[in-house]
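Structural overview
The lines below spell out each chain.
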Amino acid sequence: MPGIAIRRIAGFVATLLVAALVVFVLLDLLPGDPARFILGINASAEAVASLRTQMGFDAPAWQRFGDWLWGMLQGDFGISYTQGAPVAELIAERIWVTLPLAGVAMVISVAVGLPLGIAAARRRGRPADTALMVLAQIGIAIPNFWFGLLLALVFAVMLGWLPTGGFIPWQEDPVSAARSLVLPGLALALPQAAILARVMRTALVEVSGQDFIRTAEAKGMTRGEALWRHGVRNALLPVITILGLQFAFLISGVIIVENVFYLPGLGRLVLAAILERDLVLVRGITMVLIVAVTATMLLTDLLYTLVDPRVRTGGRP
């Protein structure tokens, strides 16, 4: 187990280094001059050159990459040159919207997807199974931003139960802040719950053909009891991997939904930074999202290793 964990962590560090290099190179190759963009097209060449020197744009690329990497290791992501504030502070302010939103969506996805998958597997081949899988397929096909607009129309505009958008800070009104995340959380959770239901059903159907399920049925259990008592635990192994992928997607996939519901999270911040060509802010947010996604995948791998002994033994019994 320690050897596996060390290899996974080494891979995690290597992935972050490669990702940082790719992010830096891609953004560094973008056309246009950030200094010219900040000062405007009417700025003099001397003013543009002075700002480039002040912000370090005229340093060699390898030096700028090294300074940026070393600064991130110390928690310094640089200064946003459109907002005039440290990038780390801007991210810290917005991440308390994005992370809870991803968490709400994940809870809804698990609470809806797993029971639907189990119900479909217990009724395999029946009309209920077909109906549930058709609903799951529809859930996968529907864009989450369109579903979010539909939810806002029904539950906010027509019924008035929830706010249409915006966000009240947690320290001012925690209840209102939580209510603001319900509709966007549902919009994000729909396709993830549908995927989870299909994966859970497939895993349970595969497990239902195993010898231990037939043994349980031979001892007097019904198919549903055997699947619930013995099958669900074994079927959760592939589901764990899907959950890790889904949470990683939710963290990095909130940009559209946050803009639909006017949530002041990382999604809206990075979109504004892209439009304003604030490369320092874009790099910082991108790396934070990459770290969150990669860390989630690392934890998923380690959890899978703990749950499935075959991973630790290399497949040996």
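Summarised in this report is the structure supplied together with it. (Residues numbered from 1 in each chain as written. Predicted model: local features only at pLDDT ≥ 70, side-chain atom pairs only at ≥ 80, totals over all residues. Heavy atoms only, no water.)

1. Concerning the environment of Leu-101
Cut-off, in case you're wondering: What counts as a helix is a DSSP run of H or I of at least four residues, what counts as a strand is a run of E of at least two, and both are numbered from the N terminus. Every residue pair with non-hydrogen atoms within 4.5 Å of one another is taken to be in contact.
Relative to the helices and strands, Leu-101 resides in helix α5 (residues 87-122). As for Leu-101 and Leu-263, which are separated by 162 residues in sequence, their C-alpha atoms are 9.6 Å apart. In this structure Leu-101 touches Leu-181, Pro-184, Gly-185, Leu-188, Val-254, Glu-258 and Leu-263, once residues within four positions along its chain are discounted.

2. Notes on helix α7 (residues 144-158)
Cut-off, in case you're wondering: Multiplying one less than the number of residues by 1.5 Å gives the expected span of a helix. The seven residues ending at a residue and the seven starting there each receive a fitted axis; the angle between those axes is the bend at that residue. Here the term buried applies to any residue with accessible area under 20% of the maximum for its type, exposed to any over 50%, and partly exposed to those in between, with areas from a 1.4 Å probe on protein chains only.
Between its first and last C-alpha, α7 extends 20 Å over 15 residues, near the 21 Å set by a 1.5 Å rise per residue. The principal kink in α7, of about 25°, is found at Ala-152. Where α7 is concerned, the buried positions are Asn-144, Phe-147, Gly-148, Leu-151, Ala-152 and Ala-156. Tucked inside the fold, the buried residues of α7 contact α9 (182-207) and α12 (255-260). A positive phi of about 70° marks Gly-160, the residue just after α7.

3. What about unusual backbone geometry?
Positive phi outside glycine occurs at Tyr-262, with the angle close to 55°. When you line up the elements, Tyr-262 lands in the loop between α12 and α13 (266-275).

4. Here we look at a nonpolar patch on the surface
Condition: The patch calculation keeps residues exceeding 30% relative accessible area without a salt bridge and links them within 9 Å when they carry like charges or within 5 Å when they are nonpolar (Val, Leu, Ile, Met, Phe, Trp, Tyr). Here the open area of atoms and residues is found with the Shrake-Rupley method and a 1.4 Å probe, where only the protein chains shown may cover a residue. Salt bridges are defined as contacts in which a side-chain nitrogen from Lys or Arg sits within 4 Å of a carboxyl oxygen from Asp or Glu.
Judged by side-chain polarity, Phe-145, Trp-146, Leu-149, Leu-150, Leu-153, Val-157, Met-158, Leu-159, Trp-161 and Ile-256 come together as a nonpolar surface patch covering roughly 1,000 Å² of accessible area. With seven residues, the single largest contributor to the nonpolar patch is α7. Mapped onto the fold, Leu-150 is located in helix α7.

5. Regarding the packing of aromatic side chains
For clarity, the threshold we go by: When the centres of two rings from Phe, Tyr and Trp lie within 6.5 Å, Trp using its six-membered ring, the rings pair. Their planes under 30 degrees apart give stacked, over 60 give edge-to-face, and anything left gives tilted.
Counted according to the given criterion, the structure contains five aromatic pairs. Taken together, the aromatic side chains of Phe-24, Phe-65 and Trp-68 make up a single cluster linked through ring pairs.

6. Describing the packing of helix α6 (residues 127-141) against α9
Under the convention used in this document: To obtain each axis, a line is fitted to C-alpha atoms, and for helices this fit is confined to the stretch in contact; angles are then taken between N-to-C directions over 0 to 180 degrees. An angle below 35 degrees is treated as roughly parallel, one above 145 as roughly antiparallel, one from 65 to 115 as roughly perpendicular, and anything else as oblique. With the far helix as reference, a near helix turned anticlockwise by less than a right angle produces a left-handed crossing, and one turned clockwise produces a right-handed crossing.
At a minimum axis distance of 7 Å, the contact between α6 and α9 shows a crossing angle of 140°. Here α6 is positioned oblique relative to α9, judged by the angle of their axes. Seen along the crossing, α6 lies across α9 with a hand that is left-handed. Side by side, α6 and α9 meet where Asp-129, Met-133, Ala-136, Gln-137, Gly-139 and Ile-140 of the first sit next to Leu-190, Pro-191, Ala-194, Ile-195, Ala-197, Arg-198 and Arg-201 of the second.

7. Here we look at the nonpolar core
Buried together is how nonpolar side chains tend to be arranged in soluble globular proteins. Put simply, the rule is: Note on terminology: a nonpolar core comprises buried Ala, Val, Leu, Ile, Met, Phe, Trp, Tyr and Cys residues joined through side-chain atoms within 4.5 Å.
If you look at the biggest cluster of nonpolar residues, it comprises 57 residues, and the most contacted ones within it are Trp-68 and Ile-285. Where this core is concerned, the elements lending two or more residues are α1 (2-28), α4 (61-73), α5, α7, α9, α11 (223-252), α13 and α14 (279-307). The leading source of residues in this core is α14, at 11 residues.

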